[in-house]
Amino acid sequence: MGGNAHCTLGRNLVTEEMHATVIAYAEDGAWLYDPALLAGGPLAVCPGGALLDPLGTLRLEPGCGKDLVVTVSLPGAPEPRSIYTLVPLPAPPHRFRQAWIASFGKGRRPVLSIARRVEDEIRRYTERPHRLEILTAEGHSYRPLPSAPVEELHALFGIDSSCLRDWFGDAS
């Protein structure tokens, strides 16, 4: 693409696991691209950098030392929630590799979780309790799904039906 970018590592403040993201450099500054946030665009990499999105506001707040803290403020929520910390510097290749290898030591995740953004709507499915969460600017809604929702997940997320049948052990 002709750009200058690097991977940086952070720490997820909920799970305490390593979190990788990308910082890209352009003429107008450094930009954080993190597909895990399901944001509508990049976030300016500087203390106070913000992305105003119809589904919430992302900010980079000063942390300890050179750390920055990614926070999200959802519509109607009383306070922002801290998601992860990062140091906006390139991750040394050996540290990135160590974190990546360590993530495999955990084996198969106990439950399937899928998330996708479609325009100004985020869809999340969690295998237990088999429910679909829809986040819009108006708020959250929940809908229970059957224990093997192959066709529903195919329609909502575009995941191949055969992969979903294999996951759920569903021969239909």
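Structure's up top.
S.K.: Looking at this structure, how should I read the sheet that holds strand β12 (residues 139-144)?
M.R.: Strand pairing in a sheet is mediated by backbone hydrogen bonds. Such pairs are either parallel or antiparallel. Taken together, four strands build an open sheet; the order of strands is β9-β10-β11-β12 and the sheet is antiparallel. If you trace the sheet from one side to the other, it starts and ends with β9 (113-118) and β12, each paired once. Ignoring strand direction, the axes of neighbouring strands in this sheet form an average angle of 15°. Here β9 pairs with strand β10 (residues 121-126) via six bridges, running antiparallel. Within β10, the residue paired with Val 118 across the bridge is Glu 121.

S.K.: Could you clarify how one ought to interpret helix α2 (residues 150-157) in this entry?
M.R.: Since the α-helix turns once every 3.6 residues, residues separated by three or four places project in the same direction. Every buried residue belonging to α2 is among Val 150, Leu 153, Leu 156 and Phe 157, and all of these are buried. Buried residues of α2 fall within an arc of 140° about the axis and therefore sit on the same side. The elements touched by buried residues of α2 are β9, β10, β11 (131-136), β12 and α3 (161-168). Directly beyond the C-terminal end of α2, a positive phi value near 75° is found at Gly 158.

S.K.: Which parts of the structure should I look at to understand unusual backbone geometry?
M.R.: Among all residues except glycine, the phi angle is most often negative; among peptide bonds, the trans geometry is most common. The linkage connecting Arg 128 with the following residue, Pro 129, adopts the cis geometry, with an omega of 25°. Topologically, Pro 129 is positioned in the loop between β10 and β11. At Glu 16, a residue that is not glycine, the phi angle is positive and equals roughly 65°. By the secondary structure assignment, Glu 16 is in the loop between β1 (4-12) and β2 (18-26).

S.K.: Would you mind going over the pattern of salt bridges with me for this structure?
M.R.: Pairs can form between side chains of opposite charge whenever their charged atoms are close. Applying the stated criterion to the full structure yields five salt bridges. Here Asp 53 makes a salt bridge to Arg 117, at a shortest N to O gap of 3.0 Å. On the criterion of sequence distance, the pair formed by Asp 53 in strand β5 (residues 50-53) and Arg 117 in strand β9 is long-range, its members being 64 residues apart. Accessibility assignment for this pair places Asp 53 and Arg 117 in one class, buried. In this structure, Arg 124 engages Glu 133 in a salt bridge whose closest nitrogen and oxygen atoms are separated by 3.4 Å. Residue classification places Glu 133 among the buried positions, given a relative accessible area of 13%. Taken together, the shared-partner salt bridges connect Asp 53, Arg 117 and Asp 120 into one network.

So, how was this worked out
- Residues numbered from 1 in each chain as written.
- Predicted model: local features only at pLDDT ≥ 70, side-chain atom pairs only at ≥ 80, totals over all residues.
- Heavy atoms only, no water.
- Pairing = 2+ DSSP bridges.
- Helix = DSSP H or I, 4+ residues; strand = E, 2+ residues; numbered from the N terminus.
- Axes fitted to C-alpha atoms, helices over the stretch in contact; angles between N-to-C directions.
- Buried < 20%, exposed > 50% of the residue type's maximum accessible area, 1.4 Å probe, protein only.
- Arc of directions from axis to C-beta.
- Contact = heavy atoms within 4.5 Å.
- Salt bridge = Lys/Arg side-chain N within 4 Å of Asp/Glu carboxyl O.

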